[in-house]
Amino acid sequence: MSGVEIAVELVALVVAVLLVTAAARKLDWSAPLCLIAVGVVASYVPGIPEYELDPEVVLLGLLPPLLYATAIRTSLIDFRRNRGPILLLSVGLVIFTTAAVGVVAWLVIPGLPLAAGLAIGAVVAPPDAVAATAVARKVGMPRKLTRLLEGESLFNDAAALVALRTAIAAIAGSVSVWQAGGDFLLAAGGGLVIGFAVGALAALIRTRLEDPVTDTALSLVVPFVAYLAAEAIHGSGVISVVVSGLILGHKAPSMLSGRSRLASRLNWQTIQFLLENIVFLLIGLQVRRIMTEVGDSGLSVPELILICAATLAATIVARILWMAGIGLARRTFRRHAWPWRYSAVIAWAGMRGVVTLAAAFVLPADTPQRAVLVLVAFVVVAGTLLLHGTTLPVLVRRLKLPPPDPAEDALQEAAVINTMTRAALDELEKIRTVEDPDDIVERLRSRLQHRSDSAWEELGRQSTLTETPSDVYRRLRMRLLEVEREKFLEARDSGMADDDVLRRILERLDIEESMLDREEEETVPDSDRELRTPAATAGSCKHLTKEWPAAEPSSPDVCAVCVENGMTWVHLRECVKCGNVACCDSSPGKHATEHFHETLHPVMRSHEPGETWRWCFVDKQLG
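Description of the structure in this document. (Residues numbered from 1 in each chain as written. Predicted model: local features only at pLDDT ≥ 70, side-chain atom pairs only at ≥ 80, totals over all residues. Heavy atoms only, no water.)

Counting secondary structure elements, the protein chain contains 24 helices and 5 strands. Its C-alpha atoms put the protein chain at 90 × 70 × 45 Å along the principal axes. Residues counted as buried form 46% of the 623 residues belonging to the protein chain. The long-range fraction of contacts in the protein chain, counting pairs at least 24 apart against all pairs at least 6 apart in sequence, stands at 76%. A total accessible area of about 31,800 Å² is found for the protein chain, and carbon and sulfur atoms account for 62% of it. On the protein chain, the mean spot of the 60 positive side-chain charges and the mean spot of the 70 negative ones are 6 Å from each other. (Helix = DSSP H or I, 4+ residues; strand = E, 2+ residues; numbered from the N terminus. Buried < 20%, exposed > 50% of the residue type's maximum accessible area, 1.4 Å probe, protein only. Contact = heavy atoms within 4.5 Å. Areas by Shrake-Rupley, 256 points an atom, 1.4 Å probe, with all protein chains shown as cover. Lys, Arg positive; Asp, Glu negative; His and termini not counted. Charge placed at Lys NZ, Arg CZ, Asp CG, Glu CD.)

Okay, structure coming up:
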């Protein structure tokens, strides 16, 4: 095949992915399932080239960057907190599924050795959490479940590939239990050591890089270095990539510049999107070749249907039984157990994907009934995507799992930004000198305070204003940026300045616009729950812990001082000591803070409907 033909085929794959994913998003369908379906149909269209999904290309070329892209976005703190459940899913469940599916395949496929059955069990064992987490975010699944599914996806591939390697060795000869255990420990230990080493070295180098292009180029190399180095010592390349990605993702805020983080984030999101979806399309394009090979197996159509159905059922049931067993064991030993609704969702979030098909093609050519095993793997991928992908949203809604609360997120964001702002303002007072112009210092104070006020304005559900001050600022500044950009284009077209100068100016405009342009979030209907301070951000000063006697609010829904002076307000706050209702600091009057300075009553609470969080003026803490 010539270079031009290869280039044309790659472009065709990318264009097909873009069109299908856009259509799936528009129709609210599962993009992976649509891509597989389009691939299946295309595989039978005359003239469409036959794509062969080389397992080495997937395992060496696609899997490392996909795992790395997920790992750098995974919280190391959350991973440590949930490491027990994650290991139960990513290691324990993989081994259990390998054994259960292996025995079923051994029983239903004529002439199949048990070792080959265990091999197909290892192939279908690791779920693809990409599809599951996409559904999770779409339907508003609790974040803890999303974190567990993402954590499971990081390490289950490693356990499955080690199990597959052992099963393939068993097909060729005898492998003892001790050998299998030793291989697993070597793979895990070697992967951890290499992953830590590569992550630490890459962090050391990237800390000294200032150019975003060089930094991004280095980040593209890291997953492949980690994978190949670990495999060279017979360790797990998957674990190595994941560990290095977790380390670099955790260290990114302290070792990279803002420009480098923006560039890296956007580049890796693009890479992940293209690689994931291209592989799903390639999976569908394999169907014609798979069916041709299966035709030489000597099995009838009813036998093939029975084999595929039994293996698919065993894959699904094994996950359900494992989750039920975990819940029973935790209750028996009186350990903290997940709510049964969480277990039900995790049990049903077992969609398979890229790794399963790649691992199926890794099976040696002399594996008994290899074509049938590859078909089984394809049916498990397509079947779980269809069954789980279409019913998981319904299950989440039926179980009425609480979605992430945007109001609670806004409260946490405001608390963190307020802490940062206070620290910055304190530092400003320390570092300013008599030579520093007062207008520059005041401009810094104003900008910092504006950022903090903008975060607090995201709270509250009623206001006399149609727009908050931050909304007005954003609207006006966006319009001014449009005018500035028009003049920039005139300067560019007239050749007023050098191209390098123009690019620097445009970059500044783009950065400022990205800071102003907020993503619109879906609002969650009001519920009976009140917005309380999350434990993670709650303060414990003596004023917040004190039991204040109930005080009657001075007003049900207005700031009396604002009304008296003909002013407007953004949100309302209530003094917990005397019940005085006044406007917040984002309001022109700032009457709640004024009330504190006049009376020294230390604690106020939100007077907005459905909010009970409090604020201590003295110790500057949220409670």
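The structure having been displayed, the exposition proceeds.
Turning next to the nonpolar core. Grouped together as the largest cluster of nonpolar side chains are 117 residues, with contacts concentrated most on Ile 120, Val 123, Leu 164, Val 238 and Val 345. Sort the elements by how many residues they give to this core and helix 17 (residues 370–398) lands first, with 14 residues. When residues no more than four places from it in sequence are discounted, the contact partners of Ile 120 are Ala 105, Leu 373, Val 376 and Ala 377. (Core = buried A, V, L, I, M, F, W, Y, C linked by side-chain atoms within 4.5 Å.)

Summed over all chains, the structure comprises 15 salt bridges. Between Glu 513 and Arg 485 there is a salt bridge whose closest N-O contact spans 2.6 Å. Of the two residues, Glu 513 is situated in helix 21 (residues 499–516) and Arg 485 in helix 20 (residues 469–494); the sequence distance between them amounts to 28 residues. Connected via shared salt-bridge partners are Asp 78, Arg 81 and Arg 147. (Salt bridge = Lys/Arg side-chain N within 4 Å of Asp/Glu carboxyl O.)

Attention shifts here to helix 2 (residues 31–43). Between its terminal C-alpha atoms helix 2 stretches 18 Å, which fits the 18 Å expected from 13 residues at 1.5 Å a residue. Buried within helix 2 we find Ala 31, Pro 32, Leu 33, Cys 34, Leu 35, Ile 36, Gly 39, Ala 42 and Ser 43. (Expected span 1.5 Å × (residues − 1).)

What follows is about the sheet that holds strand 2 (residues 581–583). Pairing is antiparallel in the open sheet, where 5 strands are placed in the order 2-1-3-4-5. With one partner strand each, in any of the chains shown, strand 2 and strand 5 (621–622) form the two edges of the open sheet. Relative to strand 4 (residues 614–616), strand 3 (residues 603–606) runs antiparallel, the two being bridged by 3 bridges. Within the sheet, the bridge partner assigned to Met 604 lies in strand 4 and is Trp 615. Of the strands in this sheet, strand 1 (572–575) and strand 2 are in contact with helix 24 (residues 591–599), which crosses strand 2 at around 120°. (Pairing = 2+ DSSP bridges. Axes fitted to C-alpha atoms, helices over the stretch in contact; angles between N-to-C directions.)

Once that is clear, we can look at the packing of aromatic side chains. One pass over the full model with this rule turns up 6 aromatic pairs. Here Phe 79 and Phe 155 contribute two aromatic rings whose centre-to-centre distance is 5.4 Å and whose plane-to-plane angle is 35°, an arrangement assigned as tilted. Residue Phe 79 is located in helix 4 (residues 76–81), and its partner Phe 155 is located in helix 8 (residues 143–172); the two are separated by 76 residues in the primary sequence. Given the relative accessible area of 14%, Phe 79 is considered buried. Using a relative accessible area of 12% as the deciding quantity, one classes Phe 155 as buried. Through successive ring pairs, a cluster of aromatic residues spans Trp 456, Trp 613 and Trp 615. It is Lys 546 that lies over the ring of Trp 548; its NZ or CZ is 4.3 Å from the centre. (Phe/Tyr/Trp six-rings, centres within 6.5 Å; stacked < 30°, edge-to-face > 60°. Lys NZ or Arg CZ within 6 Å of the ring centre and 35° of its normal.)

This part takes up unusual backbone geometry. Positive phi, close to 65°, is recorded for His 234, a residue that is not glycine. By secondary structure assignment, the location of His 234 is in the loop between helix 10 (212–232) and helix 11 (237–255). Note on His 234: relative accessible area 55%, which makes it exposed. Positive phi, normally seen in glycine, also occurs at Lys 590, with a value near 50°. Counting through the fold element by element, Lys 590 comes out in the loop between strand 2 and helix 24. The exposure class assigned to Lys 590 is partly exposed, which follows from its relative accessible area of 38%.

For the rest of this paragraph, the subject is the side chain of Arg 573. Within the secondary structure, Arg 573 is located in strand 1. Glu 608 is the oppositely charged side chain nearest to the buried, salt-bridge-free Arg 573, at an N-O distance of 4.9 Å. Filtering out sequence-adjacent residues up to four positions away, Arg 573 remains in contact with Asn 580, Val 581, Ala 582, Cys 584, Ala 592, Met 604, Arg 605, Ser 606, His 607, Glu 608 and Trp 613.

Turning our eyes to something else, we now look at the packing of helix 1 (residues 3–27) against helix 12 (residues 258–285). Viewed as axis vectors pointing N to C, helix 1 and helix 12 meet at an angle of 95°, and their least axial separation amounts to 10 Å. In terms of axis orientation, helix 1 runs roughly perpendicular to helix 12. Touching Leu 13, Val 14, Ala 16, Val 17, Leu 18, Thr 21 and Arg 25 of helix 1 are Phe 273, Leu 274, Asn 277, Ile 278, Leu 281, Leu 282 and Leu 285, all from helix 12. Looking at side-chain class alone, the contact of helix 1 with helix 12 contains 11 nonpolar, 2 polar and 1 charged residues. (Parallel < 35°, antiparallel > 145°, perpendicular 65-115°, else oblique. Nonpolar A, V, L, I, M, F, W, Y, C, P; charged D, E, K, R; others polar.)

Moving on, we get to the packing of helix 5 (residues 83–108) against helix 6 (residues 114–124). Packing of helix 5 against helix 6 brings their axes to within 7 Å, and their N-to-C directions diverge by 130°. Relative to helix 6, the element helix 5 lies oblique. Seen from above, helix 5 lies across helix 6 with right-handed handedness. Across from Thr 97, Thr 98, Ala 99, Val 101, Gly 102, Ala 105 and Trp 106 in helix 5, the residues of helix 6 making contact are Leu 114, Gly 117, Leu 118, Ile 120, Gly 121, Ala 122 and Val 124. For the contact of helix 5 with helix 6, the class distribution of residues is 9 nonpolar, 5 polar and no charged. (Left-handed = near helix turned anticlockwise from the far one by under 90°.)

Residues three or four positions apart in an α-helix share a direction because the helix packs 3.6 residues into each turn. Between its terminal C-alpha atoms helix 19 (residues 438–457) stretches 28 Å, which fits the 28 Å expected from 20 residues at 1.5 Å a residue. If you check which residues of helix 19 are buried, you get Val 441, Leu 448, Ser 452, Asp 453, Ser 454, Ala 455, Trp 456 and Glu 457. Considering only its buried residues, helix 19 is in contact with helix 18 (406–431), helix 20, strand 4 and strand 5.

All right, on to the pairing of strand 3 then. Where strand 1 and strand 3 come together, 3 bridges link them in antiparallel fashion. Looking at strand 3, one finds that Glu 574 is bridged to Arg 605.

Moving on to a nonpolar patch on the surface. A grouping of Val 103, Trp 106, Leu 107 and Leu 114 is seen on the molecular surface, where their side chains present a nonpolar patch of about 380 Å² in accessible area. Tracing the sequence through the fold places Leu 114 in helix 6. (Patch = residues over 30% accessible without salt bridge, like charges linked within 9 Å, V, L, I, M, F, W, Y side chains within 5 Å.)

Glancing now at the environment of Thr 98. Turning to its location among the elements, Thr 98 is positioned in helix 5. Taking the C-alpha atoms as reference, Thr 98 lies 14 Å from Leu 88; in sequence the two are 10 residues apart. If near-sequence neighbours (up to four positions away) are discounted, Thr 98 is found in contact with Leu 118, Gly 121, Ala 122, Ala 125 and Ala 163.

What follows is about the environment of Ile 283. One can find Ile 283 in helix 12. For Ile 283, a relative accessible area of 0% gives the class buried. Ile 283 sits 337 residues away from Lys 620 along the chain, and the two C-alpha atoms are 56 Å apart. Among all residues touching Ile 283, those that are not within four sequence positions of it are Ile 36, Gly 353, Val 354, Leu 357 and Phe 378.

On to the side chain of Gln 272, then. Relative to the helices and strands, Gln 272 is located in helix 12. Taking the relative accessible area as the measure of exposure, Gln 272 reaches 9% and is therefore buried. If near-sequence neighbours (up to four positions away) are discounted, Gln 272 is found in contact with Leu 66, Ala 69, Thr 70 and Arg 73.

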